[in-house]
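# Structure assessment
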Amino acid sequence: MIKKAIAVILIIGAVVWSFTALMPGKESPVDVPQSQFSTQRALRHLKRIARAPHYLGSAEHNRVRDYIVEQLKGLGLETQIQEGFSVDDSGNLAKAKNIIGRIRGRERGKALLLLTHYDSDPHGAIGASDAGSGVVTILEGLRAFLSADKSPKNDIIILISDAEELGLNGANIFVNQHEWAKDVGLVLNFEARGSGGPGIMFIETNHGNANIIKGFVQANPQYPVGNSLFYSIYKILPNDTDLTVFREDGDIDGINLAFIDDHFDYHTPLDNYDRLDRNSLAHQGSYIMAMLPYFSEVDLEKLTSNEDEVFFNMPLFNMVTYPFSWIYPMLIIAIISFVVLLIYGFQKNVITAKAIGKGILAFVVSLVLAAGIGYYSWEVLLMAYPQYTEILHGFTYNGQDYIWAFTSLSLALCCFVYHSTYKKENTASLLVGPIAIWFIICAGVAFKLKGASFFVIPVYFALLSLFVCIRQKQPNMILMALLGFPVLTIIGPFVQLFPVGLGLKMMMTNTVFVVLIFGLMLSVFAPFKHKKRWGYVFTLFTIYFLVTGHRHSGFSKDRPKPNSLLYVYNADDSTAVWATYDKHLDGFTEPFFGPHPNQGSVSYPHVLDSKYKTPFTFTQEAPIKAINPPLVHVIRDTVIHDARHIALSVIPQRAINRMEVFKDSLNSFQTVKANGLHLRNVNTLSDNRLLSYYVTDQDALALQFVVSKSQNTQITLYEASYDLLESDRINIPQRSQDMIPKPFVLNDAILVKRTIMIPPKNN
């Protein structure tokens, strides 16, 4: 009984350890030595940067840029502003103004580039984490590094990019236009997709990762978090970072360092100074203080490799790595060992076919039921709490409660399924099924997802458990618990990280991982006589966390409801409507739409550019306000052979922030240019959107395109200003404290729609 209690304590301790070992437990004070990173000193910068939203084109954007330039100059850096238009493959056009600095090294060679961005997302995001945390990490890291008054071997380039939130535009003009880009050998990019959690490292490269990960290990950061699976997961997400441009356009390798927890704060006013997790900032500081001294001294030209490494973090060992060439041998050795153990177990009459069959059935039933529960959990939650649909990225304020609830439910399920399968001395037989299924998973990832091949490591320890169970009638429970440490510390964090990173709709990753971990630890759990009672205990935990989640399911000042409102004036017919993306109207929006709003997709079928392609849900007739539509001047209209060459200038007649340009679905364009830049994919985008132009300095939009002379060309413009709540002409009350602007969509804006008709030309 005592040994079982110790085993349970060890397991709980391993789970806690697997998370507490990921990041610093406290922030560093202001009075640490000058050569060390101080979280408090970094926060002084953040308080100045994250005073208000500072999106491209805003006055705060200019103020933040000036502040960062002042700080870099104060550190003695050679500083400049790079300015230019760029457009991405999705048609996001902006004039970025990058902040660039350089520290000259003592030798010629490739430079190390420190990267983050200073613009915040439009429509309310304060940007303290994304990416104010990156800016202050670089500022404080450079200050500490330079305090030693030692010249680095390599040049150090600092790029605080602009318009990252819009289309990675700042990174685009640096990589493709700046002369310093050719000097870069490695990029360290500091980012955030939430306001807390550990900084996760993942590598971006067009080549092998072997030399980069070896360099990362030799830099010896105190709290390394990352594995070779994360980049594969990152590529699945609808996200890119500035580092993607360096890899794709410049073939330049880089390391992303980003924290992703507290995802509900992402791109909202909640991404503010007060809510930034200080330990997350300290973690980013620990990275820069290890990697900046190391990579500023090594030969960065030797980082390119054709070889790849499997790597993962683990307490005590920090970062474990081994080459891809070991994947198949390690898998084959493990399988052979498994077969040998099976033969050995049958010979000793410890393993029996009947018991194996029961064990496989129990594990498969547990796995299938858990997967089904996880798969349908989000739909069930939406049925119970339809207000969750207003959180577009799918991670609710009480998301951690649901992670704990479904973890407990999965454990309860395993206990109930296994309570009747154990008989004295059949533990070894019960282990066979889970190990076999883990081998199937390991074989699958070895062929299709090699970065996840470290999954075989916990299987090796499960084989050791199997060996002990064959040799001993009553294995030492403490030893069995210790042999479970690898699966708990390597795989255990995925139970929480995957739903956080992918959203609650991917809760199936949580429930499946719980069962898979349980299966490899049957040498501990199977001998427990009262598994049904444990099932009831975990059921109570499930109920507790569901009740806690229910208590936090509503919206409040600390958990504000995202909502949206736009005023859309149609200059073609002088009508106007209110529009929203909300599925459930509230005290802020309902007065504008009434009890019977119109379906938004009927009156306004165009989907304005947004992260999740979110359309208007409702519209309602609005009072007409005198708003000057943009002027459209035809600069050129010439027919050459059968092609018609047209140049237009769209000139705003009011202070605006954005233009959306759509083509008619029946139109085809041979070429399109916007402000001198070619637009790609103009005939293949499913939403018929040609571009989104984010306006700086009130620059006009210059459009040039070539179409068939017989084509009846139609272009629809939407001109937006982000001043709906500040407009004197349209009296909109402020939101209550339990509401925030909905992120990821065009919001709190005055839109003017204008259609440009260009009839066929016959001569």
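All figures in this text were calculated on a predicted structure; none of them were measured in a lab.

## Structural notes on the nonpolar core
- Ranked by internal contacts, the top residues of the largest apolar core, which has 157 residues, are Leu114, Met201, Ile435, Phe454, Phe455 and Ile491.
- For methionine 201, the contacting residues outside a window of four places in its chain are Ile213, Phe216, Val225, Gly226, Asn227, Phe230, Ile255, Asn256, Leu257, Tyr287, Phe311 and Met319.
- Residues Val87, Leu93, Leu648 and Val707 belong to the second largest nonpolar core, which totals 25 residues.

## Side note on the environment of valine 15
- By the element assignment, valine 15 lies in helix H1 (residues 2-20).
- Judged by relative accessible area, which is 32%, valine 15 ranks as partly exposed.
- Sequence separation between valine 15 and leucine 488 is 473 residues; the distance between their C-alpha atoms is 6.0 Å.

## What about the pattern of salt bridges?
- Per the stated rule, a full pass over the model turns up 29 salt bridges.
- Among the salt bridges present, the one from arginine 689 reaches aspartate 609, with a minimum N-O distance of 3.4 Å. Of this pair, arginine 689 sits in strand E20 (residues 689-694) while aspartate 609 is found in the loop between helix H23 (600-603) and strand E14 (618-621), placing the two residues 80 residues apart along the sequence.
- Salt bridges sharing partners connect three or more residues here, namely Glu78, Arg102, Arg104, Asp155 and Asp183.

## Concerning the pairing of strand E1 (residues 78-87)
- Here 10 bridges tie E1 to strand E2 (residues 92-103), and the two strands are oriented antiparallel to one another. Residue pairing for E2: valine 87 is matched across the bridge by leucine 93.
- Turn length for the E1-E2 hairpin, with the two strands adjacent in sequence and antiparallel, is four residues, and the turn residue glycine 91 shows positive phi of about 85°.

## Considering the sheet that holds strand E18 (residues 671-674)
- Taken together, the five strands give an open sheet; going across it, the order is E15-E16-E21-E18-E19, and neighbouring strands pair in antiparallel fashion. Both outer strands of the open sheet, strand E15 (631-640) and strand E19 (677-678), are each paired with one neighbouring strand and no more.

## Here's the deal with the side chain of arginine 278
- Structurally, the position occupied by arginine 278 is in helix H10 (residues 278-295).
- Buried charge without a partner: arginine 278 forms no salt bridge, and the closest opposite charge is glutamate 27, 4.8 Å away.
- Of note is the side chain of arginine 278, whose polar atom sits 2.9 Å from the backbone oxygen of leucine 276.
- If sequence neighbours within four positions are ignored, arginine 278 has contacts with Glu27, Thr39, Leu43 and Tyr273.

## Focus: the packing of helix H2 (residues 39-49) against helix H3 (residues 59-74)
- Axis separation between H2 and H3 bottoms out at 10 Å; the angle between their running directions is 150°. When the axis of H2 is compared with that of H3, the two are roughly antiparallel. Taking contact as the criterion, the partners of His45, Arg48 and Ile49 in H2 are, on H3, Arg63, Val64, Tyr67, Ile68 and Gln71.
- Of the residues assigned to the contact of H2 with H3, the class counts are four nonpolar, two polar and two charged.

## With respect to H2
- Among the residues of H2, Thr39, Arg41, Ala42, Leu43, His45, Leu46 and Ile49 are the ones counted as buried.
- In this structure, the buried side of H2 is in contact with H3, helix H4 (128-146) and H10.

## A closer look at the pairing of strand E3 (residues 111-117)
- Extensive coverage of E3 is indicated by the burial of seven of its seven residues.
- Here five bridges tie E3 to strand E5 (residues 184-192), and the two strands are oriented parallel to one another. Across the sheet, residue alanine 111 finds its bridge partner in E5, namely valine 184.
- Sheet topology note: the E3/strand E4 (residues 156-161) ladder contains six bridges and is parallel. Within E4, the position partnered with leucine 114 by the bridge is isoleucine 158.

## What to know about helix H7 (residues 210-219)
- The complete set of buried residues in H7 reads Ala210, Ile212, Ile213, Gly215, Phe216 and Ala219.
- Its buried side turned inward, H7 meets strand E6 (200-204), strand E7 (254-259), H10, strand E8 (309-314) and strand E9 (318-323).
- Downstream of H7 by a residue or two, asparagine 220 has a phi angle that is positive, lying close to 60°.

## Structural notes on the packing of aromatic side chains
- Counted by the stated rule, this structure contains 45 aromatic pairs.
- When the ring of phenylalanine 174 is compared with that of phenylalanine 246, the centres are 5.9 Å apart and the planes differ by 35°; the resulting orientation is tilted. Note that phenylalanine 174 is positioned in helix H6 (residues 169-177) and phenylalanine 246 in helix H9 (residues 242-250), a separation of 72 residues in sequence. Considered together, phenylalanine 174 and phenylalanine 246 belong to a single accessibility category, that of buried residues.
- Ring geometry for tyrosine 344 and phenylalanine 467: centres 6.5 Å apart, planes at 25°, overall stacked. Taken together, the positions of tyrosine 344 in helix H11 (residues 327-347) and phenylalanine 467 in helix H15 (residues 456-471) put the pair 123 residues apart, joining distant regions of the chain.

Rules used throughout
- Just so you know, the residues in each chain are numbered from 1, in the order the chain's sequence is written.
- Given that this is a predicted model, residues contribute local features only at a pLDDT of at least 70 and side-chain atom pairs are listed and counted only at 80 or more, while totals for whole chains, interfaces and linings are drawn from all residues.
- Hydrogens are left out, water is left out, and the side-chain values use all remaining heavy atoms of the structure.
- The criterion is simple. A nonpolar core is a set of buried Ala, Val, Leu, Ile, Met, Phe, Trp, Tyr and Cys residues joined through side-chain atoms within 4.5 Å.
- Classification of residues uses two cut-offs on accessible area relative to the type maximum, computed with a 1.4 Å probe and protein chains only: under 20% is buried, over 50% is exposed, and between them is partly exposed.
- Between two residues, a contact is recorded if the distance between any of their heavy atoms is within 4.5 Å.
- Secondary structure follows DSSP: runs of H or I at least 4 residues long count as helices, runs of E at least 2 residues long count as strands, and numbering of each begins at the N terminus.
- Here, a salt bridge means any side-chain nitrogen of Lys or Arg that lies within 4 Å of a carboxyl oxygen of Asp or Glu.
- We treat two strands as partners when DSSP finds at least two bridges between them.
- The charge count includes Lys and Arg as positive and Asp and Glu as negative, but it does not include His or the ends of the chains.
- Whenever two N or O atoms come within 3.5 Å, that pair is a polar contact, provided that in protein one can donate a hydrogen and the other can accept it, and provided that, for residues adjacent in sequence, both atoms are side-chain atoms.
- Convention adopted: a line fitted to C-alpha atoms gives each axis, helices being fitted over their contacting stretch, and angles between N-to-C directions are expressed from 0 to 180 degrees.
- The cut-offs work like this: below 35 degrees is roughly parallel, past 145 is roughly antiparallel, 65 to 115 is roughly perpendicular, and the gaps in between are oblique.
- Lys, Arg, Asp and Glu make up the charged group, whereas Ala, Val, Leu, Ile, Met, Phe, Trp, Tyr, Cys and Pro make up the nonpolar group; the residues left over, Gly among them, are polar.
- Working definition: a ring pair exists when centres of Phe, Tyr or Trp rings (six-membered ring for Trp) sit within 6.5 Å. Plane angles under 30 degrees give stacked, over 60 give edge-to-face, the rest tilted.

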